Amino acid sequence: MKIVSFLGSPRPSGNTEVLLEEALKPAEEARHEITLFKLNLMRIKPCQDCGSCEKTGKCIIDDDMNEIYPAIREADRIILASPIFFFALSAQTKTMIDRCQAFWCEKYLMKQTIPEGPYGRKGLLMVVGGMKKDIGVHCSEATTKAFFRTVSVPLHETLSFLGVDAKGAILEHPTALRDAREAGKKLIAV
Ligand SMILES: Cc1cc2nc3c(=O)[nH]c(=O)nc-3n(C[C@H](O)[C@H](O)[C@H](O)COP(=O)(O)O)c2cc1C
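Quick caveat: nothing in here was measured; it's all calculated off a predicted structure.

What counts, and where the lines are drawn
Residues numbered from 1 in each chain as written. Predicted model: local features only at pLDDT ≥ 70, side-chain atom pairs only at ≥ 80, totals over all residues. Heavy atoms only, no water. Phe/Tyr/Trp six-rings, centres within 6.5 Å; stacked < 30°, edge-to-face > 60°. Helix = DSSP H or I, 4+ residues; strand = E, 2+ residues; numbered from the N terminus. Buried < 20%, exposed > 50% of the residue type's maximum accessible area, 1.4 Å probe, protein only. Salt bridge = Lys/Arg side-chain N within 4 Å of Asp/Glu carboxyl O. Core = buried A, V, L, I, M, F, W, Y, C linked by side-chain atoms within 4.5 Å. Contact = heavy atoms within 4.5 Å. Near = heavy atom within 4 Å. Polar contact = N/O pair within 3.5 Å; in protein donor to acceptor, adjacent residues only side chain to side chain. Areas by Shrake-Rupley, 256 points an atom, 1.4 Å probe, with all protein chains shown as cover. Pairing = 2+ DSSP bridges.

> I would appreciate a short explanation of the packing of aromatic side chains in the present structure.
Working definition: an aromatic ring pair is given by the centre-to-centre distance plus the angle between the planes. Counted by the stated rule, this structure contains four aromatic pairs. Ring geometry for Phe6 against Phe37: centres 5.4 Å apart, planes inclined by 20°, an arrangement best described as stacked. Pair noted here: Phe6 is in strand E1 (residues 2-7) and Phe37 is in strand E2 (residues 33-38), with a separation of 31 residues, a long-range link. Phe6 gets classed as buried once you look at its relative accessible area, which sits at 1%. For the ring pair Phe147 and Phe148, a centre distance of 5.3 Å and an interplane angle of 40° mean the geometry is tilted. For Phe147, a relative accessible area of 2% translates into the label buried.

So this is what it looks like as structure tokens:
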């Protein structure tokens, strides 16, 4: 099974990264093929709305999305992990998602869905916010739903942790690591 994961936090070893590592453990133990994209370290230009993908389903920008497009296409499972910034997904995460407009054109204009493999396609969203306001979860969820459906992932689960702010604070959360591991386990169940 191919697991493609996206880390949307710029903070190395921050709360999102800790959660993502935990969620990936069951897949590692099952020796699945894991790809981790640390979006903050990648060269990804925001969508320019040039319209090229409307005709071809392909993006003409030549940058690190070149690695991400085929990974998304071949994935059996996709994990999106992001901190909540200004009540939404981080810019790193959103920039990658916007560039999936090419997949949107492929699916909705060219009427071609990404074919699924023998395990189907499923997703997991994990978000961490420092405040205890759930509007950031709702906004992140709305964007993520649009992303997953665009890349032909019909089902996803969402795990959110609020009131987790300082670097490493997630380690003190009573259930977060266990929840992330359980979500990772459920994600790869067939
Ligand atoms: C630019 C910025 C904006 C933020 N906006 C929010 C917010 O709107 N809501 C919230 O709950 N936390 C917000 N936070 C706090 C982060 O979500 C929180 O610190 C989180 O634990 C960071 O995760 P990380 O360690 O993986 O980067 C913000 C932090 C930054 C740096």
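> So what exactly am I meant to see when it comes to the pattern of salt bridges here?
In a structure, side chains of opposite charge can pair up when their charged atoms sit close to one another. What the rule picks out here adds up to ten salt bridges. Between Arg181 and Glu29 there is a salt bridge whose closest N-O contact spans 3.4 Å. Pair noted here: Arg181 is in helix H7 (residues 176-188) and Glu29 is in helix H1 (residues 15-29), with a separation of 152 residues, a long-range link. Residue Arg181 is classed as partly exposed on the basis of its relative accessible area, which comes to 30%. Residues Lys94 and Asp98 are paired through a salt bridge, measuring 2.8 Å at the closest nitrogen-oxygen approach. Note that Lys94 and Asp98 are positioned in helix H4 (residues 91-98) at a spacing of four residues, about one turn of the helix. On the basis of relative accessibility, which here comes to 34%, the residue Lys94 falls in the partly exposed class. Through salt bridges that share partners, Glu22, Lys25, Glu29 and Arg181 make up one connected network.

> Looking at this structure, how should I read the nonpolar core?
One recurring pattern in soluble globular proteins: nonpolar side chains tend to sit buried together. Grouped together as the largest cluster of nonpolar side chains are 31 residues, with contacts concentrated most on Phe6, Ile68, Ile72, Ile78, Met96, Phe147 and Val151. The set of elements that each furnish at least two residues to this core consists of E1, helix H3 (65-74), strand E3 (77-85), H4, helix H5 (101-109), strand E5 (122-128) and helix H6 (135-150). It is H3 that provides the largest number of residues to this core, a total of five residues. Setting aside its immediate chain neighbours within four residues, Ile72 contacts Phe6, Ile78, Met96, Cys100, Phe103, Arg121, Phe147 and Val151. Residues Val18, Ala23, Phe161 and Ala180 belong to the second largest nonpolar core, which totals 23 residues.

> Even after reading the chapter, I still don't get the site of the ligand, so can you show me in this structure?
The environment of the ligand is formed by 16 residues, the closest being Ser9, Thr16, Phe87, Val164 and Asp165. Phe87 is positioned such that a nitrogen or oxygen atom in its backbone is 2.7 Å from an oxygen atom of the ligand. Starting from 650 Å² of accessible surface for the ligand in isolation, the protein chains cover 79%. Tallying contributions element by element places E3 first for the shell around the ligand, with three residues.

> Honestly, the pairing of E3 in this entry has me stumped. Any pointers?
Note on strand geometry: in a regular strand, side chains alternate between the two faces of the sheet. The element E3 is extensively covered by neighbouring structure, given that eight of its nine residues are classed as buried. Note: E1 against E3, five bridges, orientation parallel. Along E3, the bridge assignment pairs Ile3 with Arg77. Pairing of E3 with E5, which is carried by seven bridges, proceeds in the parallel orientation. Each bridged residue has a counterpart across the sheet, and for Pro83 the counterpart in E5 is Val128.

Note that every value here comes from positions in space, so none of it alone points to a role or purpose.
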